Amino acid sequence: FWKKSEVEQVEMVACVEMRGAKAVLVTSQGNEIVLQDSTVRLISLGGGMVAKNDGVQVSYKENEGAGKEDVLEYNTIRVPRGGEYKLFLSDNTEVFLNSDSEIRFPVKFGKGKRDVFLRGEAFFVVTKDASRPLL
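Residues numbered from 1 in each chain as written. Predicted model: local features only at pLDDT ≥ 70, side-chain atom pairs only at ≥ 80, totals over all residues. Heavy atoms only, no water.

Caption draft 1: How the structure looks around the nonpolar core. In terms of nonpolar packing, the biggest core is built from 23 residues, with L35, V58, Y60, I77, L87, I103 and F105 touching the most fellow members. Of all elements in the fold, only β4 (49-53), β5 (57-62), β6 (74-79), β7 (85-88), β8 (94-97) and β9 (101-106) reach the threshold of two or more residues within this core. Each residue touching F105, except ones within four places of it in the same chain, is listed here: Y60, E73, Y74, N75, T76, I77, L87, L89 and V116. (Core = buried A, V, L, I, M, F, W, Y, C linked by side-chain atoms within 4.5 Å. Buried < 20%, exposed > 50% of the residue type's maximum accessible area, 1.4 Å probe, protein only. Helix = DSSP H or I, 4+ residues; strand = E, 2+ residues; numbered from the N terminus. Contact = heavy atoms within 4.5 Å.)

Dropping the structure here:
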């Protein structure tokens, strides 16, 4: 049997909520949008692009009739510790972002190579395009 002096008091230092769709989109203008907030559905971006968010994934699509600008504007998606999120890049490449990860990518890929910058872990299902390799 336990003596009162042998029982330790444990103090909670931090609580990490495990799993679930959680992410923050940082636009090229520096605006931060919480993606798991289901009230934010369509996010208008520069160059005739729009981001569609459903609270679990976000996809980048060109608006019909949009201008054909070749200016690369980069967005960043940050997934906090304990979260995950799915991203469809403008070329339909799927990116599954893991907990405590960040990806910086162009809103719309230009001509030539397709560059993205990753910190953390992600799984890519790359849409093939021999004229524009994904790096």
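Caption draft 2: Geometry of the sheet that holds strand β1 (residues 24-26). The strand order across the open sheet formed by five strands is β2-β1-β6-β9-β10, and the pairing between neighbours is antiparallel. Only two strands of the sheet have a single neighbouring strand rather than two, namely β2 (32-34) and β10 (117-119). Adjacent strand axes in the sheet meet at a mean angle of 15°, parallel and antiparallel pairs treated alike. (Pairing = 2+ DSSP bridges. Axes fitted to C-alpha atoms, helices over the stretch in contact; angles between N-to-C directions.)

Caption draft 3: Representation of unusual backbone geometry within the structure. At N92, a residue that is not glycine, the phi angle is positive and equals roughly 75°. The topology assignment puts N92 in the loop between β7 and β8.

Caption draft 4: Quick look at the sheet that holds β8. In spatial order, the strands read β3-β4-β5-β7-β8-β11; together these six strands make up an open sheet with mixed pairing. Of all the strands in the sheet, the pair left with one neighbour each is β3 (42-44) and β11 (122-125). Geometrically, the sheet is characterised by an average inter-axis angle of 20° between neighbouring strands, direction not taken into account. Bridge count between β5 and β7: three bridges; the pairing is parallel. In the strand pairing of β7, V58 is matched with L87.

Caption draft 5: Focus on the packing of aromatic side chains. Across all of its chains, the model carries three aromatic pairs by this definition. Each ring, one from Y60 and one from F105, has its centre 5.1 Å from the other, and the planes form 85°; the classification is edge-to-face. With a gap of 45 residues between them, Y60 in strand β5 and F105 in strand β9 connect regions that are remote in the sequence. A residue is classified by how much of its surface remains accessible, and Y60, at 0% relative accessible area, is buried. With centroids separated by 6.0 Å and ring planes inclined at 45°, the aromatic side chains of F96 and F123 adopt a geometry described as tilted. Here the residue F96 occupies a position in strand β8, and F123 occupies one in strand β11, the gap between them amounting to 27 residues. Taking the ring centre of Y74 as reference, the NZ or CZ of R104 above it sits at 4.2 Å. (Phe/Tyr/Trp six-rings, centres within 6.5 Å; stacked < 30°, edge-to-face > 60°. Lys NZ or Arg CZ within 6 Å of the ring centre and 35° of its normal.)

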